[in-house]
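Close look at the chain arrangement
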Amino acid sequence: MRLTFHVLFWLSLFGAYWPVVAQTSEESTSYTLEECIEYALKNSASIKNALLEKDISKAKVGETRAQGLPQVNAAMNFTNNYQLRKSLLDASIFDPEIPPGTEVPFAFGRQIEGFANLNATQLIFDGSYFVGLKAAKTFQELATKDHIKTKIDVIEAVNKAYFGVLVSQEQLKFLENNYGRLDSLLTETQEMYKNGFVEKLDVDRIRVNFNTVKIQKTNLERLNEISVELLKFQMGVPIQTDIVLKGSLEDITLDESLIDGEEREFNYQSRIEYSQLLTNEVLLGLDMKNNKVQYLPRLSAFFNYGYNTNGDDLSQYFQFNDRWLNNGSFGLDLSIPIFDGLRKSYKIQQNKVQLKQMSNTKKQFENAIDVEISTATKQLRNNLEMLKSQKENMDLAEEIYNISKIKYQEGVGSNLEIINADTDFKEAQTEYFNTLYNALISKVDLLKAFGRLEDK
């Protein structure tokens, strides 16, 4: 008998992500599904990181733009040539009386040297700069889409965790009713045994069922706690904070109208993942364009102005008015690429192949979306059909149990009959809640497949 739905899934998933969070005060807060999502979008760590990535991409645009603005640098230098560099010179050059070929060491320069310089450059034309500026803005657009993708993932996780809590709480209510019902039946049967109307075997059979439900109730209470903790984790709520869900399963719409309405409006760009692919395709195109424009010349202007001095004594270095001589220059710097061993050509060839790969990836992803939509649609329809049948089975099982109980109390039914009816009733409940949970998850999966999860 299945006691709960997806027990191993919840335990393993939550165990892998249990956060360690300190909270100084405990308080209880009520949330609807919309409020859970709103809280998560403000407090989820992944959302915060995605927003920070947007800030990084914005700074990247500024960094790229700065390369086209004037670049100004200042420099100062002090050098003490405590041992001047010497060269061997023919002494006959300076004194004809000295025989030719007589070499003597001669020092060039002076011991103390210094200079101060201001340099400014301005880019006039560089194809890579303009392409890079477009690429930086496109990268910023990609960061925005990554943020949207993160939001959708958080919304999906919160939806599924929220539904998990609702279903487990509803199932716990039914199990508590089963527990109370069996408790009453056990008490009645014990009294009948004392009065000699039933055998001890009848009491033991009911006690076995009662103990089983008691264990199931304990397990489900723990599972419900885990479900709530998982929801708090997905929302970014500190673990020590108590939360209460305002909503109920009756507030959730589960019908096939969702399928028909979304199918008519769908296009691939509704999926943020597909939109991310398109942006990456643009970035690949810009990379190829950047490699092409590197064949063009690069032109920049420069301006220099400075002072320099030299002397044989340190004190002369500080004689700014007398010994510091000014200098300046300006001009243009033109760089013309001629041959690079076909490096740029090979890079362009790589870009062309990458664009073909991206085209194949887009087609594959379109097919994957079609399969995902088809699968999610069929799963939702199947779960909705099963849910109707399971609800009917649960109602019938309850009716059979009630009739069996009346017959047993009136002495025309057997103890075994009521135990079997109770067992069938609990199994029908378990199947119903399993199917209900699957239907809710199918709804989330279908909305995500249509690219509409963020709108719901």
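What counts, and where the lines are drawn
- Residues numbered from 1 in each chain as written.
- Predicted model: local features only at pLDDT ≥ 70, side-chain atom pairs only at ≥ 80, totals over all residues.
- Heavy atoms only, no water.
- Helix = DSSP H or I, 4+ residues; strand = E, 2+ residues; numbered from the N terminus.
- Rg over C-alpha atoms; globule rule 2.2 N^0.38 Å.
- Buried < 20%, exposed > 50% of the residue type's maximum accessible area, 1.4 Å probe, protein only.
- Contact = heavy atoms within 4.5 Å.
- Salt bridge = Lys/Arg side-chain N within 4 Å of Asp/Glu carboxyl O.
- Patch = residues over 30% accessible without salt bridge, like charges linked within 9 Å, V, L, I, M, F, W, Y side chains within 5 Å.
- Areas by Shrake-Rupley, 256 points an atom, 1.4 Å probe, with all protein chains shown as cover.
- Pairing = 2+ DSSP bridges.
- Axes fitted to C-alpha atoms, helices over the stretch in contact; angles between N-to-C directions.
- Expected span 1.5 Å × (residues − 1).
- Polar contact = N/O pair within 3.5 Å; in protein donor to acceptor, adjacent residues only side chain to side chain.
- pLDDT = per-residue confidence, 0-100.

Before going further, it helps to spend a moment on the overall build of the chain. Looking only at helices and strands, the chain has ten helices and eight strands in total. For the chain, whose C-alpha radius of gyration is 40 Å, the value lies well above the compact-globule estimate of 23 Å for 456 residues. Overall, the chain is about 150 × 50 × 40 Å in size when its C-alpha atoms are taken along their principal axes. Classification of the 456 residues of the chain by burial places 37% in the buried group. Restricting to contacts in the chain with at least 6 residues of sequence separation, those with at least 24 account for 83%.

A few words on the pattern of salt bridges. Counted according to the given criterion, the structure contains 25 salt bridges. A salt bridge links Glu 372 to Arg 271, with the nearest nitrogen and oxygen atoms 3.3 Å apart. With Glu 372 in helix 9 (residues 343-409) and Arg 271 in the loop between helix 6 (257-265) and helix 7 (272-293), this pair connects stretches of sequence that are 101 residues apart. Residue Arg 271 is classed as buried on the basis of its relative accessible area, which comes to 3%. Among the charged side chains, a network of salt bridges with common partners joins Lys 149, Asp 153, Glu 156, Lys 160, Asp 445 and Lys 448.

This next bit is on a nonpolar patch on the surface. On the surface, Leu 334, Ile 336, Ile 338, Phe 339, Leu 342 and Tyr 346 cluster together to form a nonpolar patch covering roughly 730 Å² of accessible area. Position of Ile 338 among the secondary structure elements: in the loop between strand 8 (325-335) and helix 9.

The next subject is the sheet that holds strand 5 (residues 112-125). Read from one edge to the other, the open sheet built from four strands follows the order 2-5-7-8, with strand pairing classed as antiparallel. Of all strands in the sheet, those with a lone pairing partner are strand 2 (71-80) and strand 8, marking the two edges. Pairwise comparison of adjacent strand axes, ignoring direction, gives a mean angle of 15° for this sheet. The sheet contact formed by strand 7 (residues 298-311) and strand 8 spans eleven bridges and is antiparallel. Its bridge partner being in strand 8, Gly 306 is matched across the sheet by Asn 327.

Attention shifts here to unusual backbone geometry. A positive phi angle, near 65°, is found at Leu 342, a position not held by glycine. Given the relative accessible area of 43%, Leu 342 is considered partly exposed.

So, about the environment of Ile 252. Note on placement: Ile 252 falls in the loop between strand 6 (242-245) and helix 6. Considered as a pair, Ile 252 and Glu 229 are 23 residues apart in the sequence and their alpha carbons are 22 Å apart.

Let us now look at helix 10 (residues 415-450). Between its first and last C-alpha atoms helix 10 spans 53 Å; for 36 residues at 1.5 Å apiece the expected length is 52 Å, and the two agree. Extensive coverage of helix 10 is indicated by the burial of 28 of its 36 residues. Taken from the residues just after helix 10, Gly 451 is the one with a positive phi, measuring 75°.

Attention now moves to the environment of Lys 246. Tracing the backbone shows Lys 246 in the loop between strand 6 and helix 6. As for Lys 246 and Leu 33, which are separated by 213 residues in sequence, their C-alpha atoms are 8.1 Å apart. Residues within four places of Lys 246 in sequence aside, it is in contact with Ser 30, Tyr 31, Thr 32 and Glu 35. A distance of 3.4 Å separates a polar atom in the side chain of Lys 246 from a polar atom in the side chain of Glu 35.

It is worth spelling out the confidence of the model for the chain at this point. Put simply, the chain has an average pLDDT of 86, and 91% of its residues get 70 or more. Mean pLDDT across the secondary structure elements of the chain bottoms out at helix 1 (residues 7-16), with 40, and peaks at helix 7, with 95. Contacts for the low-pLDDT stretch residues 1-27, under 50 throughout, to residues beyond four places or in other chains number 54 contacts.

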